[in-house]
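# Geometric and topological summary
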Amino acid sequence: MRDLVELFSLGGFVLPILILAAILALAIIGNRFWVLRRARIVPQGLVGRVADLVEVGKLPQAVKQLYENDTPLARILLVALQQVGQPRDTIKEIVEDAGRHEMAHLDRYLNFLGSIAGAAPLLGLLGTVFGIMHAFAAIGTVGMGDPKALAGGIAEALITTAAGLIVAIPSLLFYRYFRGRVEILVLATEKDVLKLVNLLAGAKQ
C-alpha cells in the first residue's frame, strides 16, 4: 500500500487524471458489454414469431408480443406494424427513421471511450515533459553530483508515460471492438426488419 502511495505521489498531477480516465474507460467498457448483447438488441426468432402471427391475421397478438419484448428490434417492428396497408416505400422510410433513432443509443459513450484512447497518450506525454523539466530544474539547483535529485523528475516522466499507454491501448482496442459490434447488430436489425416490411407490403420473401 505504501508503495502505491509513493508511486501515486511520484506521478505528479497528470497521474490522477489518467487514473480517473482509466476508471471511466472501465465503466464504459462494462456498460457496453452489458448493453450490446445480441439478446438485448436483436432477440432470436422474434421476427419469425411476429411474421407468423401477421400471416394469419393476428395483428393484436403480434403487437402484444412486441410490447412485451421491449427491445430496439421490437420497437422498430412495432412501428412497421402500425403502417399496415401502406406502400412498401412508405413503410420502409418510416421504419428507417425509427431505426436510426433506436440504433443511435447503441453508440452511446463510444465517442467518449475513443476520446480517452486518444487523449491518454497525450496526457502521458505531458507528464513526461513535466518530469524532464523537473529533472533539469534539479540539475540547475544541485548539479549532476546528486542522482537522488534527478530521480523524482525521471520517475514522473516514466510513470506517466507508462500510465498513458496502459490506459490508451485497452481503450482503443475496446473502442474498435464495440464499433464493430454495433455495425453487426445494426445489420442484423435491418435484415430482420426488412423481412417484416416485405411481408406487410405483400412482397415475396
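Below: a short report on this structure.

What counts and how
Residues numbered from 1 in each chain as written. Predicted model: local features only at pLDDT ≥ 70, side-chain atom pairs only at ≥ 80, totals over all residues. Heavy atoms only, no water. Core = buried A, V, L, I, M, F, W, Y, C linked by side-chain atoms within 4.5 Å. Buried < 20%, exposed > 50% of the residue type's maximum accessible area, 1.4 Å probe, protein only. Helix = DSSP H or I, 4+ residues; strand = E, 2+ residues; numbered from the N terminus. Contact = heavy atoms within 4.5 Å. Patch = residues over 30% accessible without salt bridge, like charges linked within 9 Å, V, L, I, M, F, W, Y side chains within 5 Å. Areas by Shrake-Rupley, 256 points an atom, 1.4 Å probe, with all protein chains shown as cover. Salt bridge = Lys/Arg side-chain N within 4 Å of Asp/Glu carboxyl O.

Moving on: the nonpolar core. Generally speaking, soluble globular proteins have nonpolar side chains that are buried together. Grouped together as the largest cluster of nonpolar side chains are 47 residues, with contacts concentrated most on Val50, Leu66, Leu77, Leu81 and Leu196. The set of elements that each furnish at least two residues to this core consists of helix 2 (14-35), helix 4 (46-55), helix 5 (59-69), helix 6 (72-81), helix 7 (88-103), helix 8 (110-142) and helix 9 (147-200). The element best represented in this core is helix 9, accounting for 14 residues. Beyond its immediate chain neighbours, meaning those up to four positions away, Leu196 contacts Val50, Ala51, Val54, Leu77, Ala80 and Leu81.

A separate point is the environment of Met103. Mapped onto the elements of the fold, Met103 is located in helix 7. Sequence spacing of Met103 and Pro72 is 31 residues, and the spatial spacing of their C-alpha atoms is 7.6 Å. In this structure, Met103 is in contact with Pro72, Ile76, Val186 and Thr189, ignoring residues within four places of it in sequence.

A surface patch of nonpolar side chains, amounting to about 390 Å² of accessible area, comprises Leu122, Leu125, Val129 and Met133. Of the residues examined, Leu122 reaches a relative accessible area of 58% and is grouped as exposed.

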